[in-house]
Amino acid sequence: KVRDHPLANLLNNPWPGSKWTKYRLINWTVQEYCIFNSAFWLKGKSPDGTPGVLPIPRRYIEPRGDNLFFPDAYRLTGTKGYKDLAPDQVVHFWGYNPDDPRDGWSPIETLRLILAEEYAASRYREQMWRNGARISGYITRPEKAPRWSDTARARFKNDWGAYSNEQMAGGTPILEDG
């Protein structure tokens, strides 16, 4: 194990003069990565002039630029606006993202999408069962049938709606005149 390398010294004391220890830095980075599939450290000089790294919460920083595979810059947003940082000022750990190879895709977002889909599907199934789980279909009138009056059309639609419980799923649309 190399103990006197500059990287080993940096990790042992990530930001001299602060409460950031090696354990806190690694623990924070792993948690951030597990939640967002992305974690950031800002490179800089500590108040005593020693090189250091500070972890940046995911919500305050984002990759920027037109390069498909690597960010051209990172936008750091704070209470007084934003600052664009060069890529060499940031250490970025990221995983797979099908939409943007420059940044990770949160597994929690994937779970949210799955749960939203499951919720919508169960609501749809509930409506289908409430409507009697009838075979999907529609009602037509022959093209040569006599014209319906507005009263007759409304009466038929209301009667059919009462039968089908006027739900979207499992309901039956009425298509007139052919």
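Higher on the page you've got the structure.
Analysis parameters
- Residues numbered from 1 in each chain as written.
- Predicted model: local features only at pLDDT ≥ 70, side-chain atom pairs only at ≥ 80, totals over all residues.
- Heavy atoms only, no water.
- Phe/Tyr/Trp six-rings, centres within 6.5 Å; stacked < 30°, edge-to-face > 60°.
- Helix = DSSP H or I, 4+ residues; strand = E, 2+ residues; numbered from the N terminus.
- Buried < 20%, exposed > 50% of the residue type's maximum accessible area, 1.4 Å probe, protein only.
- Lys NZ or Arg CZ within 6 Å of the ring centre and 35° of its normal.
- Salt bridge = Lys/Arg side-chain N within 4 Å of Asp/Glu carboxyl O.

1. Some words on the packing of aromatic side chains
Here's step 1: By the definition in use, this model includes three aromatic pairs.
Here's step 2: With centroids separated by 5.8 Å and ring planes inclined at 75°, the aromatic side chains of Phe40 and Tyr74 adopt a geometry described as edge-to-face. Here the residue Phe40 occupies a position in strand β1 (residues 38-45), and Tyr74 occupies one in strand β4 (residues 73-78), the gap between them amounting to 34 residues. Assigned by exposure class, Phe40 and Tyr74 land together as buried.
Here's step 3: A cation over an aromatic ring shows up here: Arg24 above the ring of Trp20, its NZ or CZ 4.6 Å from the ring centre.
Here's step 4: The cationic tip of Arg75 hangs over the ring face of Tyr82; the distance from NZ or CZ to the ring centre is 3.7 Å.

2. What to know about the pattern of salt bridges
Here's step 1: Going through the model one piece at a time under the given rule, you end up with seven salt bridges.
Here's step 2: The shortest N-O distance in the salt bridge between Arg58 and Asp103 comes to 2.1 Å. Here Arg58, found in the loop between β2 (51-56) and β3 (61-64), pairs with Asp103, found in the loop between β6 (90-94) and α3 (107-130); they are 45 residues apart in sequence, far enough to count as distant.
Here's step 3: Residue classification places Asp103 among the buried residues on the basis of a relative accessible area of 6%.
Here's step 4: Arg125 serves as the salt-bridge partner of Glu118, at 3.3 Å between the closest nitrogen and oxygen.
Here's step 5: For Arg125, a relative accessible area of 39% translates into the label partly exposed.

Function cannot be read off these values alone, since they describe shape.
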